[in-house]
Amino acid sequence: QVQLVESGGGLVQAGGSLRLSCTASGRTFSNYAMGWSRQAPGKEREFVAAVNWGGDTTSYADSVRGRFTISRDNAKNTVYLQMNKLKPEDAAVYYCGQARTAAWTRTLNTYDYWGQGTQVTVSS
């Protein structure tokens, strides 16, 4: 059974930084792309970032490109989301997902598994 466990969320002032981590177990981590999505109150869940199986190609939502960086460490079965220059509109529950493909994907329904989420709050 695949488990994804996120950590690193919290409260930060606008302009600050946070680093989210997600550790996976249950199937061979390096075979699958990983991604992050987020959901703010009253809004639909949206794609944030994704990385391919090897960590050498990535994709970002327009709203976070240039501020967020996704990376992975296959030796540690962990994917990261470095979030810089945070804005109040970045506040949401952030979810880590494991895709069914090796290539990155922006389509949320192509992710087989999601974690429980970690809250990010940005004060203005």
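Look up a bit, the structure's there.
What comes next concerns the included structure. The structure presented is a predicted model; accordingly, all values stated were derived computationally and were not measured. (Residues numbered from 1 in each chain as written. Predicted model: local features only at pLDDT ≥ 70, side-chain atom pairs only at ≥ 80, totals over all residues. Heavy atoms only, no water.)

**A word on the state of the cysteines**
Move 1: Applying the stated criterion to the full structure yields one disulfide.
Move 2: Here Cys22 connects covalently by a disulfide to Cys96, the sulfurs 2.0 Å from one another. An S-S torsion of about -70 degrees defines the bridge between Cys22 and Cys96 as left-handed. Note that Cys22 is positioned in strand 3 (residues 18-25) and Cys96 in strand 9 (residues 92-99), a separation of 74 residues in sequence. This pair shows no difference in class: Cys22 is buried, exactly as Cys96 is. (Disulfide = S-S within 2.5 Å. Helix = DSSP H or I, 4+ residues; strand = E, 2+ residues; numbered from the N terminus. Buried < 20%, exposed > 50% of the residue type's maximum accessible area, 1.4 Å probe, protein only.)

**Considering the side chain of Thr118**
Move 1: If you trace the backbone, Thr118 turns up in strand 11 (residues 118-123).
Move 2: Judged by relative accessible area, Thr118 falls into the buried class, the value being 11%.
Move 3: One polar contact links the side chain of Thr118 to the main-chain amide nitrogen of Gly9, over a distance of 3.2 Å.
Move 4: Setting aside chain neighbours within four positions, we find Thr118 in contact with Glu6, Ser7, Gly8, Gly9, Leu20, Ala92, Val93 and Tyr94. (Polar contact = N/O pair within 3.5 Å; in protein donor to acceptor, adjacent residues only side chain to side chain. Contact = heavy atoms within 4.5 Å.)

**Here's the deal with the sheet that holds strand 3**
Move 1: Spatially, 1-3-8-7 is the arrangement adopted by the four strands of the open sheet, whose pairing is antiparallel. Pairing within the sheet leaves two strands with one partner each, and these edge strands are strand 1 (3-7) and strand 7 (68-73). In this sheet, adjacent strand axes meet at a mean angle of 15 degrees when their direction is disregarded.
Move 2: Pairing between strand 3 and strand 8 (residues 78-83): six bridges, direction antiparallel. Directly across from Leu20, in strand 8, lies its bridge partner Leu81. (Pairing = 2+ DSSP bridges. Axes fitted to C-alpha atoms, helices over the stretch in contact; angles between N-to-C directions.)

**What to know about unusual backbone geometry**
Move 1: Positioned with a positive phi, Asn77 is a non-glycine residue whose angle comes to about 55 degrees.
Move 2: Structurally, the position occupied by Asn77 is in the loop between strand 7 and strand 8.
Move 3: Look at Asn77 and you get partly exposed, because its relative accessible area is 27%.
Move 4: Of note in the backbone geometry, Lys85 takes a positive phi value of approximately 50 degrees without being a glycine.
Move 5: Its place among the elements puts Lys85 in the loop between strand 8 and strand 9.
Move 6: The exposure class of Lys85 is exposed, given its relative accessible area of 57%.

**Let's talk about the pattern of salt bridges**
Move 1: A complete count under the given rule lists six salt bridges for this structure.
Move 2: Note that Arg38 is salt-bridged to Asp90, the shortest N-O span being 3.0 Å. Linking Arg38 in strand 4 (residues 34-39) with Asp90 in the loop between strand 8 and strand 9, this pair joins segments that are 52 residues apart in sequence.
Move 3: Of the residues examined, Asp90 reaches a relative accessible area of 0% and is grouped as buried.
Move 4: Salt-bridge contacts for Arg67 lead to Asp90; the nearest nitrogen and oxygen are separated by 2.7 Å. (Salt bridge = Lys/Arg side-chain N within 4 Å of Asp/Glu carboxyl O.)

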